[in-house]
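The lines below spell out each chain.
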Amino acid sequence: MIENIRLAFQGIWSHKLRSILTMLGIIIGIAAIITIVSTIKGTNEQIKENLIGAGNNVVTVQLNQSGYPYDMSWNSIPSGVRTITEETRQELEEISGVEQATVYNSRSYADRIFYGNTQFNGAVYGIDGYYLNVYGYQVKSGRGFTESDYADFRKVILVDTVAVTNLFGGENPVGKAVEISGDVFTVIGVVALSEEFVPTINSLNDYWLYANTSSGSIYMPSAVWPTAYRFDEPQNVAIKTKNTDVMTTAGKEAAELLTEKLIVDQSGSFDYRSQDMLEQAQQLQSMSESTNAQLIWIASISLIVGGIGVMNIMLVSVTERTSEIGLKKAIGAKKKRIALQFLTEAAVLTSLGGIIGVISGVGLAELISNMMQIPVAISVPAILISVVFSMLIGIVFGLVPAVKAANLNPIEALRRN
């Protein structure tokens, strides 16, 4: 085999221009496929990061009515829906892939919140002791909630950095009083995400997806939520998963558990549903991949053309080396050895073209990324598959010339000398 490979390289080097032209179809096809696959992978990762954010493996589970989120900002307390207990929260944490769960109340657009004459129009949340950790918030100034804040029903709040700007004009809010539904709450701290995530907004849908955070957020202990709003309001749940891959399945299991335990009338229109950013990302990725799959098939045509070129040049090589083949067969070379020699030469030729195509594809992908600001991610499996596939093309399309060479009559072959 090593001798066949050496002879193959010797033959390629002896006809450099012819070999390059023969490999051209393989090079173009492999380069195109590597470029497209790298672009698809990079785009999919960008979609995933835009929707989920860096390291934010959080799935929200909300009460729905007839398939739409039941927003307590506009609706009355639904009948037949129980509130979530600590026991139920612990059951959520027992779901496979779930790292931690938090239960909270919310108003997406709060009213009757004032600091002096300034009205706050952002979101307000009644959170438990797990909320900040689940969402990755850190206290930047002041302090966070303590167990005594919950036990003593203290009217204290936390604000995020956006609310500091919109409600307090950028001043230090710690210690200042805010009126919420007629009660006075004291700001005890400012929170912010430990890993700041700035979403990429390319459409109106993207805008509405992130619009609820545009005016900032206020957080109060869940124990005092009924004081500012209403008793027995159904809560939402957020679960932090161990990685993004289990977000969809964990979210669906959590939603099924809450629906089963909390919805008294199972035949009603209420249920709990998970809002999974990963699932939205996968839908967009699927659309992107289905479009680009067609481009891959088109690029594969050049591989077939390249394979035909390999077959053609190998047939020419058999004709040129007829006397050599006849001499080898005359001194005892078997058909299998002759066929293997030509198959090896075809495989080496296409493999070399595949390697050059991979290098060209990676370079082209990086060039497109730099010129057009399109994200790319080089796929190692795609590179390995491309090289192996190019070798198989050489074997398949080199089979006919190899069989022709093996079946030559040695006497007739020697006469052509």
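Figured I'd write up the structure that's included with this text. (Residues numbered from 1 in each chain as written. Predicted model: local features only at pLDDT ≥ 70, side-chain atom pairs only at ≥ 80, totals over all residues. Heavy atoms only, no water.)

Overview of the overall build of the protein chain
Moving on, step 1. From N to C terminus, the protein chain includes 15 helices and 13 strands.
Moving on, step 2. Every one of the 417 residues in the protein chain was classed for burial, and the buried ones make up 45%.
Moving on, step 3. Residue pairs at least 24 apart in sequence account for 81% of intrachain contacts in the protein chain once pairs closer than 6 positions are excluded. (Helix = DSSP H or I, 4+ residues; strand = E, 2+ residues; numbered from the N terminus. Buried < 20%, exposed > 50% of the residue type's maximum accessible area, 1.4 Å probe, protein only. Contact = heavy atoms within 4.5 Å.)

A short note on the packing of helix H3 (residues 86-93) against helix H9 (residues 247-262)
Each pair of packed helices can be summarised by the angle the axes make with each other and by the distance between the axes.
Moving on, step 1. The contact between H3 and H9 brings their axes to 10 Å, and the two run at 150°. When the axis of H3 is compared with that of H9, the two are roughly antiparallel. By crossing handedness, the relation of H3 to H9 is classed as right-handed. Facing H3, whose interface residues are Thr88, Glu91 and Leu92, H9 presents Ala254, Leu257, Leu258 and Lys261. (Axes fitted to C-alpha atoms, helices over the stretch in contact; angles between N-to-C directions. Parallel < 35°, antiparallel > 145°, perpendicular 65-115°, else oblique. Left-handed = near helix turned anticlockwise from the far one by under 90°.)

Quick notes on H3
Moving on, step 1. Of all the positions in H3, only Thr88, Arg89 and Leu92 are classed as buried. Summarising the axial view, the buried residues of H3 lie within an arc of 105°, below the 170-degree limit, and thus occupy one face.
Moving on, step 2. At its buried positions, H3 is contacted by strand E3 (98-107), strand E12 (236-241) and H9. (Arc of directions from axis to C-beta.)

Quick look at the pattern of salt bridges
Moving on, step 1. In the structure shown here, the tally under the stated rule is 12 salt bridges.
Moving on, step 2. With its nearest N and O atoms 2.8 Å apart, the salt bridge here joins arginine 143 to aspartate 149.
Moving on, step 3. Take arginine 143: its relative accessible area is 34%, and that puts it in the partly exposed class.
Moving on, step 4. A residue is classified by how much of its surface remains accessible, and aspartate 149, at 0% relative accessible area, is buried.
Moving on, step 5. With its nearest N and O atoms 3.0 Å apart, the salt bridge here joins arginine 273 to aspartate 271.
Moving on, step 6. Through salt bridges with shared partners, one network takes in Arg143, Asp149, Asp152 and Arg154. (Salt bridge = Lys/Arg side-chain N within 4 Å of Asp/Glu carboxyl O.)

Points about the pairing of strand E6 (residues 123-127)
Moving on, step 1. The buried count for E6 comes to five of five residues, which makes it a mostly enclosed element.
Moving on, step 2. Residues Ala123, Tyr125 and Ile127 of E6 are buried on one face, and the alternating residues Val124 and Gly126, pointing to the opposite face, are buried as well.
Moving on, step 3. Here E6 pairs with strand E11 (residues 217-221) via five bridges, running parallel. Residue pairing across strands places glycine 126 opposite methionine 220, the latter belonging to E11. (Pairing = 2+ DSSP bridges.)

Topic: the packing of helix H13 (residues 380-397) against helix H14 (residues 399-406)
Moving on, step 1. Contact pair H13 / H14: the axes reach a minimum separation of 4 Å and the direction vectors enclose 40°. Considering their axes alone, H13 and H14 lie oblique with respect to each other. Packed against H13, whose contacting residues are Ile395, Val396 and Phe397, the element H14 presents Leu399, Val400 and Pro401 at the interface.
Moving on, step 2. Tallied by class, residues from the contact of H13 with H14 come to six nonpolar, no polar and no charged. (Nonpolar A, V, L, I, M, F, W, Y, C, P; charged D, E, K, R; others polar.)

So, the side chain of asparagine 105
Moving on, step 1. By the secondary structure assignment, asparagine 105 is in strand E3.
Moving on, step 2. The residues touching asparagine 105, leaving out its near neighbours within four places in the chain, are Val124, Tyr125, Gly126, Trp225, Glu233, Pro234 and Gln235.

Let's talk about the nonpolar core
Moving on, step 1. Counting 24 residues, the largest nonpolar core has Val61, Leu63, Leu92, Val237, Ile239, Leu258 and Tyr272 as its most contacted members.
Moving on, step 2. Only strand E1 (58-65), E3, E12, H9 and strand E13 (270-275) provide two or more residues apiece to this core.
Moving on, step 3. Element by element, the count of residues in this core is highest for H9, at seven residues.
Moving on, step 4. Ignoring anything within four residues of it in the chain, the contact list for valine 61 reads Asn236, Val237, Gly251, Ala254, Ala255, Leu258, Tyr272, Arg273 and Ser274.
Moving on, step 5. In this structure, Val124, Ile218, Met220 and Tyr229 belong to the second largest nonpolar core, which totals 21 residues. (Core = buried A, V, L, I, M, F, W, Y, C linked by side-chain atoms within 4.5 Å.)

Topic: helix H12 (residues 335-372)
Every α-helical turn comprises 3.6 residues, leaving residues that sit three or four positions apart pointing alike.
Moving on, step 1. Helix length check: H12 (38 residues) gives 54 Å between terminal C-alpha atoms against 56 Å at 1.5 Å per residue, within 8%.
Moving on, step 2. Following H12 by one or two positions, glutamine 373 adopts a phi angle in the positive range, close to 55°. (Expected span 1.5 Å × (residues − 1).)

Regarding the environment of alanine 382
Moving on, step 1. When you line up the elements, alanine 382 lands in helix H13.
Moving on, step 2. Using a relative accessible area of 16% as the deciding quantity, one classes alanine 382 as buried.
Moving on, step 3. Here the alpha-carbon distance between alanine 382 and serine 38, two residues 344 residues apart in the chain, equals 8.7 Å.
Moving on, step 4. Non-local contacts of alanine 382, meaning those with residues more than four positions away in its chain, are made with Ile34 and Val37.

Some words on a nonpolar patch on the surface
Moving on, step 1. Nonpolar side chains collect at one region of the surface, where Ile385, Val388, Phe389, Met391, Leu392 and Ile395 lie side by side and expose about 530 Å² of accessible area between them.
Moving on, step 2. Summarising the element assignment, leucine 392 is placed in helix H13.
Moving on, step 3. Classification of leucine 392 as partly exposed rests on a relative accessible area of 44%. (Patch = residues over 30% accessible without salt bridge, like charges linked within 9 Å, V, L, I, M, F, W, Y side chains within 5 Å. Areas by Shrake-Rupley, 256 points an atom, 1.4 Å probe, with all protein chains shown as cover.)

A few points about the packing of aromatic side chains
Moving on, step 1. Scanning all chains against the criterion turns up 11 aromatic pairs.
Moving on, step 2. Taken together, a centroid distance of 4.8 Å and an interplanar angle of 40° make the contact between tyrosine 131 and tyrosine 135 tilted. Of this pair, tyrosine 131 and tyrosine 135 both sit in helix H4 (residues 131-135), four residues apart, which is roughly one turn of that helix. Both residues of the pair, tyrosine 131 and tyrosine 135, count as buried.
Moving on, step 3. A network of ring pairs unites the aromatic residues Tyr104, Tyr125, Tyr131, Tyr135, Tyr137 and Tyr219 as a single cluster. (Phe/Tyr/Trp six-rings, centres within 6.5 Å; stacked < 30°, edge-to-face > 60°.)

What to know about the environment of glycine 182
Moving on, step 1. You can see glycine 182 is positioned in the loop between strand E9 (177-180) and strand E10 (183-193).
Moving on, step 2. With relative accessibility at 54%, the residue glycine 182 sits in the exposed group.
Moving on, step 3. Placed 46 residues apart in sequence, glycine 182 and alanine 228 show a C-alpha to C-alpha distance of 7.9 Å.

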